[in-house]
Structure formats: structure tokens, C-alpha cells
Amino acid sequence: MGKSLGQRAAAYSPARLERGVWAGCAVVAPGFALASDVGTHRVWGWTAGAGYALAALLSSGSRPRRTARAVAALGAVLVPLAGLVAAGLAQSEVAVVERSGRLLLTTGSPYVSAPVSVGDFNPYLPGMALFGVLPGDARWWLGGAFVACLAAVGLGRARLLACPLVALPCAVGGVDLPVAGLMCLGVALAGRGRAGRAGLALGAAAALKWTAWPALPVACALVAASRGGRSALRCAAVGLATATAAVLPFALADPAGFHRNVVAFPLGLTAVASPAESPLPGHLLAAHVPGGTVIALALLAAGALLIGLSLALGLGLATALMPATRFGYLVYPLVLGALALRTPPRVIPVVAVRQPAPTGEKAPA
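Fair warning: this is a prediction, and the values are worked out from it, not measured in the lab.

Observations concerning the overall build of the chain
Now for step 1: Helix and strand counts for the chain come out as 18 helices and 0 strands.
Now for step 2: Taken across its 365 residues, the chain has 44% of its residues classed as buried.
Now for step 3: Look at the contacts in the chain between residues 6 or more apart in sequence, and 70% of them connect residues 24 or more apart.

Quick look at the structure:
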């Protein structure tokens, strides 16, 4: 006889599903370590794999699921991060951020005017250099800003932090984490109708990387829907003013150097190739198809139209189609998608009003 309804429900219980997720991550992380030729990736893969495996074992027992989630986050984020920091190992973008901070302090600009090697380029907007000015390894500040933003919108949970697409950049690089976190914060504030605060958060994100700029029109549309056009204009004005104040002085001080670093280099338009070469469609087109860079940029422009339908979907497609890209960029659609799933649709309560009955008639029940 077939299984009863109760047995089928037990087979797909949340606890069993979560145990399967941790078990799957315990396989994927070491597999990533074996496939990658980057030392930091291998360290993360083996360390995180052990953490995920332990989380799967704990999920099989009677302990609360939050214990397994905490173990997964500890094994996938904090342990490999602490080990890599202690060993002085990091992905190249960490060195870029820290060097840009030193340049900002010594020369007044985070950019080398005439870069000649990969190490000379800084593809980030000027705000990112602030993480290099702060003491210690920049990854602590990058990850801390990300966690603080997620906590502010109710997403700072261990299971999200332990997700490989978040845990890997936390441990090895992390420059996209504060950008994604501020984007989530800005979009969430816009959904609540807080135009000025949303503009400020998104302007701060836009001062870090170009990838944050598509979120500003989306936030303005959210504000317009809930508070009207005047509030939407306020959101746009605050966001643009914040980003412009952080970016424009450096762009005007050295236009050619600014263009080489933050426009040409990320788009793969310089003689020096970017180290961001994850085998996603945009990079494969640029590397192996004649005229592939132009094709990838055209598809990237077309994908930008999808942002009007879904910010997470549009950024996910943009990540796949950028000529110079990394798997770590997928943190954007992941956290924005999590925010969309978490935020319930706004419901307008309808109160039934009892109409007075005509004189001499009984009021309807």
C-alpha cells in the first residue's frame, strides 16, 4: 500500500529538507575546492565542507535547528575567515581595497592615474577605499557592514550567512557584500515609504560599486507607489547627491585615470585583463567568440531592461553576462531575492460597516 498522508508529510518536513541542504553543501564545498586552482578557495572549500557536514549531522538529532545553522555559519564563514586572515591569504580584491585606502591617505586619490599591471587597477568607486582606511583586514569591515545591513531588514540569520554564495566571499574577498547589504537596506526602506533614508542607503551603495546604481530607480518606483511622486523625487535627489558627492570630485580630478580604472577595466576594454574570470556566459563570449565582448555588452544592456520586472532577476542576468565577472557577484540576486520572499505584500484592511436599517425593519445579521 502507498504511504499515508502523514508519512509523506514527514518525508518532506522542514527539518529533513534542511538536513538535505546542509548535506548537499557538504558535497559542493569540497567539490569546489577540488575544481578551483585558487588557494583561498581550496582552504574555504575544505573548511566549509567540514562545517556543513557537522551541521547535517546535528540536524539529524534532537537538537534545535538553530544549533545546526550556527555550526554551518561558524564552519563556512568565521573559521575559514579567521584562518585566512591569520595566514595573510586573501583574494586579490582585498589587496586592491587596502591599497586604495593607503593611496587615499597618501595621495588624496584611491586611483593610479596610469595603471600598467593588474595590481595597479582599482575598479571600485571611491567609497570602497574607506574600508581600506580602517585598521586590520578589510574583510572584517566588509562582512560587518553586510551583516549589519541584513540585521536591519530582518535577514541577518545564520542560514543565509552560511549559504555558500555568501560564505565564500565573506571568507576570501567580500567587496560585494556591503554593496548588496546597502541595496537591501535601501530597497526595504523604500518599500516602507522612507524616501530620504532609502536614498541615503542607496547613495552610499552607489558610491562603492556600479552594481548598486540599478537599485535607485527601483527604490524610487517603490516610494512613488506608496508615497507619491514628490517623495520619489526626494529619494532620487538624496541618492544621487550622496553618490555624486563621493564620486564626482575624483572623476573631475583625473578623468582619464578614473575611466581606465572604473569603466574600461571592469568591462574588459583595457590591454590588461581583469582577474575576474569566472566561466559565466559573458566571460566565455568575450574570451572565445570573435566580437564576443560587444555581444556580451549588448546582451547586458538588454538584460538591464529586466530590472524593471525584477531587480534580483536583472542583476542575476547582468552577473552572468558581464565580460569580467566572478561567482561572488551572485550574492546580489541571492540577498535581494531573499528580501523579496521575506517581505509580505502590503494588505489594506477593509472594515465592514453595518448600515442602519430603515425604520421598522430588522437589521441584517
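Here the narrative resumes, following the displayed structure.
Overview of the nonpolar core
Now for step 1: If you look at the biggest cluster of nonpolar residues, it comprises 73 residues, and the most contacted ones within it are Trp-22, Trp-44, Tyr-52, Met-128, Phe-146 and Met-183.
Now for step 2: For this core, the element with the highest residue contribution is helix α10 (residues 176-191), accounting for 11 residues.
Now for step 3: The residues touching Trp-44, leaving out its near neighbours within four places in the chain, are Ala-29, Phe-32, Gly-49, Tyr-52, Ala-76, Pro-80, Pro-164, Ala-167, Leu-168, Ala-171 and Val-172.
Now for step 4: Residues Tyr-111, Leu-125, Ala-251 and Phe-258 belong to the second largest nonpolar core, which totals 6 residues.

Some details on the pattern of salt bridges
Now for step 1: Counted by the stated rule, this structure contains 4 salt bridges.
Now for step 2: We note a salt bridge from Arg-69 to Glu-18, for which the minimum N-O separation is 2.8 Å. Within this pair, whereas Arg-69 is found in helix α4 (residues 65-87), its partner Glu-18 is found in helix α2 (residues 14-35), the two being separated by 51 residues in sequence. A single burial state applies to Arg-69 and to Glu-18, both of which are buried.

Quick look at the side chain of Asp-137
Now for step 1: Inspection of the secondary structure assignment puts Asp-137 in the loop between α6 (129-133) and α7 (138-152).
Now for step 2: Taking relative accessible area as the criterion, Asp-137 reaches 17% and is therefore assigned buried.
Now for step 3: Of the polar contacts made by the side chain of Asp-137, one reaches the backbone nitrogen of Arg-139; its length is 2.8 Å.
Now for step 4: Those residues in contact with Asp-137 that sit more than four places away from it in its chain are Val-85, Val-94 and Glu-98.

A few points about the packing of α7 against α10
Now for step 1: At a closest axis distance of 8 Å, the pairing of α7 and α10 adopts a crossing angle of 15°. Between α7 and α10, the crossing angle belongs to the class labelled roughly parallel. The element α7 and its partner α10 pack so that their crossing is left-handed. Contacts from Leu-142, Gly-143, Ala-145, Phe-146, Cys-149 and Ala-152 in α7 reach Leu-177, Pro-178, Ala-180, Gly-181, Leu-182 and Leu-185 in α10.

Focus on the side chain of Ser-59
Now for step 1: Relative to the helices and strands, Ser-59 resides in helix α3 (residues 39-60).
Now for step 2: Take Ser-59: its relative accessible area is 8%, and that puts it in the buried class.
Now for step 3: If we ignore the near neighbours within four places in the chain, the residues touching Ser-59 are Arg-19, Trp-22 and Ala-68.

With respect to a nonpolar patch on the surface
Now for step 1: Taken together, the side chains of Leu-74, Leu-78, Val-79, Leu-134, Trp-140 and Trp-141 define a hydrophobic patch exposed on the protein surface, amounting to about 550 Å² of accessible area.
Now for step 2: Looking at the nonpolar patch, the elements with two or more residues in it are α4 and α7.
Now for step 3: When residues in the nonpolar patch are grouped by element, the largest group, 3 residues, is from α4.
Now for step 4: Structurally, the position occupied by Leu-78 is in helix α4.

Concerning the environment of Pro-266
Now for step 1: Position of Pro-266 relative to the elements: it lies in the loop between α14 (255-264) and α15 (281-288).
Now for step 2: Each C-alpha atom, one on Pro-266 and one on Pro-123, is 6.1 Å from the other, the two residues being 143 residues apart in sequence.

Here's the deal with helix α12 (residues 215-227)
Now for step 1: Here α12 contains 13 residues, and its C-alpha end-to-end distance of 18 Å stays within 8% of the 18 Å for a straight helix at 1.5 Å per residue.
Now for step 2: Every buried residue of α12 is listed here: Ala-215, Leu-216, Ala-219, Cys-220 and Val-223. Mapping the buried residues of α12 onto a view down its axis gives an arc of 135°, with all of them on the same face. Exposed residues on α12 whose side chains face more than 90 degrees from its buried face are Pro-217 and Ala-225.

Looking at the packing of aromatic side chains
Now for step 1: Within this structure, the stated rule accounts for 5 aromatic pairs.
Now for step 2: When the centroid spacing of 4.2 Å and the interplanar angle of 10° are considered together, the rings of Phe-121 and Phe-265 count as stacked. Residue Phe-121 is found in the loop between α5 (92-107) and α6, and its partner Phe-265 is found in the loop between α14 and α15; the two are separated by 144 residues along the sequence. Accessibility assignment for this pair places Phe-121 and Phe-265 in one class, buried.
Now for step 3: Their ring planes at 40° and their centres at 5.8 Å tell us that Trp-210 and Trp-213 sit as a pair that is tilted.
Now for step 4: Here Trp-210 falls in the partly exposed class, since its relative accessible area comes to 37%.

Parameters and conventions
- Residues numbered from 1 in each chain as written.
- Predicted model: local features only at pLDDT ≥ 70, side-chain atom pairs only at ≥ 80, totals over all residues.
- Heavy atoms only, no water.
- Helix = DSSP H or I, 4+ residues; strand = E, 2+ residues; numbered from the N terminus.
- Buried < 20%, exposed > 50% of the residue type's maximum accessible area, 1.4 Å probe, protein only.
- Contact = heavy atoms within 4.5 Å.
- Core = buried A, V, L, I, M, F, W, Y, C linked by side-chain atoms within 4.5 Å.
- Salt bridge = Lys/Arg side-chain N within 4 Å of Asp/Glu carboxyl O.
- Polar contact = N/O pair within 3.5 Å; in protein donor to acceptor, adjacent residues only side chain to side chain.
- Axes fitted to C-alpha atoms, helices over the stretch in contact; angles between N-to-C directions.
- Parallel < 35°, antiparallel > 145°, perpendicular 65-115°, else oblique.
- Left-handed = near helix turned anticlockwise from the far one by under 90°.
- Patch = residues over 30% accessible without salt bridge, like charges linked within 9 Å, V, L, I, M, F, W, Y side chains within 5 Å.
- Areas by Shrake-Rupley, 256 points an atom, 1.4 Å probe, with all protein chains shown as cover.
- Expected span 1.5 Å × (residues − 1).
- Arc of directions from axis to C-beta.
- Phe/Tyr/Trp six-rings, centres within 6.5 Å; stacked < 30°, edge-to-face > 60°.

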